[in-house]
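Listed below are the residues making up each chain.
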Amino acid sequence: MITYVGTSNPGFAPYAMEEIRRRIQGTKVSGLAPGETFSFTTGDHDPEQLLTDLRRKEPIFLRHLFPVEREIDVTDSEKGTAKALRDYASTLGDRIQGRKVAIQVRKEQNSPFPFASAEGRDEMVPAVEELGAEAVAREADWIISVYATKKKLFMGCSTPRDNLSDWPGGSVRFRKDEGLISRAAFKLLEAERAFNLPLDRFSNALDLGASPGGWTSVLLERGLKVTAVDPAEMDPSLELHPRLRHIRRNAADVSFAPGSFDLLVCDMSWDPHHTCRIVSELANVLSAGASGIITLKLMYRKPFQSIQDLTEDYAHEFDIRKVKQLFHNREEVTMWVKKK
Ligand SMILES: C[S@@+](CC[C@H](N)C(=O)[O-])C[C@H]1O[C@@H](n2cnc3c(N)ncnc32)[C@H](O)[C@@H]1O
């Protein structure tokens with residue numbers, strides 16, 4: 001049996017833990033940092049098979065996991081902690097020799113762990129290099145994960161795909177572009193990666209609830225034509241863009257010729273059931289097989305029920321491909337659909 005450390009968005013650990021309980025018979029789940037991290041065991045499952053299952057059908061709220069291969073009491077001693085980190089790294093030769101290795105160190109706010117993330121990493125690098133591995137930040141073959149709570153220090157080594165994310169704890173960071181129109185743009189950039197759906201594959205997008213234009217600007221940068229629907233203004237930097245048409249209306253009141261768009265994106269801040277009705281009524285303006293990226297707002301404090309009801313409603317017009325709470329989602333999840 002293997003124990004994992006799991007991470008979700010802040011406040012959503014109870015739902016991630018519930019997903020684990022539903023998926024893994026015999027698992028033991030317990031909280032680590034309130035609302036965000038927890039541990040769980042593989043229970044009655046074969047660990048390899050479990051990872052395959054989790055990758056194939058990713059849980060919605062579990063953002064990241066890593067296997068606990070060493071667990072010790074955490075202390076504030078720099079010397080003792082540095083030795084513990086090096087000792088663990090030095091056991092990994094068989095796996096990491098000649099490979100690229102990322103070292104990801106995280107700590108809970110109240111942990112006595114004496115190092116900042118980068119310092120903890122630096123303590124491990126010499127041991128990793130001594131084994132003939134190359135320490136890298138991204139595109140690693142293996143990830144050494146270190147996580148310190150108030151009481152414990154957990155360490156493990158796994159592949160990026162088994163962690164469900166190659167970012168520390170699944171915290172996806174994009175470089176902050178100077179001219180970014182809204183932070184919402186990060187959601188679409190993250191969705192593109194999470195759903196493995198390069199946006200430049202599409203040519204004609206309908207963006208519902210587009211103002212101030214973060215998503216629209218990403219789509220324009222990818223070379224798409226964009227029809228943006230929102231009663232609110234778009235960022236002035238976009239208004240004159242030659243591939244953008246802005247329709248200043250409620251999305252419930254617009255219509256287009258059938259098959260006009262091969263991509264629909266929707267980040268409308270409205271009741272998710274109204275949004276579902278509007279998007280479903282507009283389904284015929286999409287070409288067959290068109291994709292949709294839609295945020296589902298979790299307004300009713302019953303995420304599982306809301307997601308189930310909404311996906312059932314969307315399923316009349318769309319195949320539901322994936323629903324995931326992205327790092328950049330707050331009280332919402334993001335769904336990828338394809339028009340039937
Ligand atoms: C979270 S913001 C969208 C941010 C946008 N995705 C971006 O990247 O800048 C939500 C937008 O939905 C719009 N909205 C809400 N209800 C709408 C409706 N019925 N029709 C069109 N837009 C709507 C709001 O005016 C608001 O601008």
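Residues numbered from 1 in each chain as written. Predicted model: local features only at pLDDT ≥ 70, side-chain atom pairs only at ≥ 80, totals over all residues. Heavy atoms only, no water.

Looking at an unreviewed UniProt entry, one finds the chain named SAM-dependent methyltransferase and attributed to Cohnella endophytica.

1. What about the site of the ligand?
If you check the shell around the ligand, you find 18 residues, and the closest are Gly214, Trp215, Asp230, Ala251 and Asp267. One of the backbone N or O atoms of Pro212 is found 3.4 Å from an oxygen atom in the ligand. In the complex, 83% of the free accessible area of the ligand, which totals 600 Å², lies under the protein chains. For the shell around the ligand, the class distribution of residues is 8 nonpolar, 7 polar and 3 charged. (Near = heavy atom within 4 Å. Polar contact = N/O pair within 3.5 Å; in protein donor to acceptor, adjacent residues only side chain to side chain. Areas by Shrake-Rupley, 256 points an atom, 1.4 Å probe, with all protein chains shown as cover. Nonpolar A, V, L, I, M, F, W, Y, C, P; charged D, E, K, R; others polar.)

2. So, unusual backbone geometry
Of note, the amide linkage connecting Ser211 to Pro212 takes the cis form, showing an omega dihedral of 5°. Looking at the element boundaries, Pro212 is found in the loop between strand S10 (204-208) and helix H7 (214-221). In this structure, Glu139 is a non-glycine residue whose phi angle is positive, near 55°. By secondary structure assignment, the location of Glu139 is in the loop between strand S7 (134-135) and strand S8 (142-148). In this structure Glu139 comes out as exposed when scored by relative accessible area, which is 67%. Positive phi values are uncommon outside glycine, yet Leu164 reaches one of about 70°. (Helix = DSSP H or I, 4+ residues; strand = E, 2+ residues; numbered from the N terminus. Buried < 20%, exposed > 50% of the residue type's maximum accessible area, 1.4 Å probe, protein only.)

3. Points about the UniProt feature "domain: Ribosomal RNA methyltransferase FtsJ" (unreviewed entry) in the chain
Taking the numbering used here, the UniProt-annotated feature "domain: Ribosomal RNA methyltransferase FtsJ" (unreviewed entry) corresponds to residues 181-270. End C-alpha to end C-alpha, residues 181-270 measures 21 Å, and it is 26% helix and 22% strand. (UniProt positions renumbered as here; feature names shortened; annotations may be inferred.)

4. Considering the pattern of salt bridges
With the rule as written, the count across this model stands at 17 salt bridges. In this structure, Glu58 engages Lys324 in a salt bridge whose closest nitrogen and oxygen atoms are separated by 2.8 Å. Of this pair, Glu58 sits in the loop between helix H2 (47-56) and strand S4 (64-67) while Lys324 sits in strand S15 (residues 318-324), and the two are 266 residues apart along the sequence. In this structure, Arg121 and Asp122 form a salt bridge, with 3.5 Å as the shortest nitrogen-oxygen distance. With relative accessibility at 24%, the residue Arg121 sits in the partly exposed group. Of the residues examined, Asp122 reaches a relative accessible area of 45% and is grouped as partly exposed. (Salt bridge = Lys/Arg side-chain N within 4 Å of Asp/Glu carboxyl O.)

5. Re the pairing of S10
Walk down a regular strand and you will see the side chains alternate between the two sheet faces. Among the 5 residues of S10, 4 are classified as buried, and the element is accordingly described as predominantly covered. Both S10 and strand S11 (residues 225-229) contribute to a ladder of 5 bridges, which runs parallel. In the strand pairing of S11, Leu208 is matched with Val229. At this point the chain moves from S10, through H7, to the parallel S11, and the crossover so formed is right-handed. Two elements, S10 and strand S13 (residues 261-266), share 4 bridges in a ladder whose sense is parallel. Bridge pairing in S13 places Ala205 opposite Leu263. (Pairing = 2+ DSSP bridges. Right-handed = clockwise from strand over helix to strand, strands pointing away.)

6. Quick look at empty space enclosed by the protein
With the rule as written, the count across this model stands at 1 cavity of 30 Å³ or more. Each pocket or cavity is described by its volume, and for the largest cavity that value is around 40 Å³. What lines the largest cavity is Pro272, Thr275, Ile294, Thr295, Leu296, Lys297, Leu310 and Tyr314. Only helix H9 (272-281), strand S14 (286-297) and helix H10 (303-314) provide two or more residues apiece to the lining of the largest cavity. Top contributing element to the lining of the largest cavity by residue count: S14, with 4 residues. Counted by class, the lining of the largest cavity contains 5 nonpolar, 2 polar and 1 charged residues. (1 Å grid on protein atoms, 1.4 Å probe; cavity = no way out; pocket = protein on both sides within 12 Å on 5 of 7 lines; lining within 4 Å. Points joined across faces, edges and corners; volume = space filled by probe spheres on them.)

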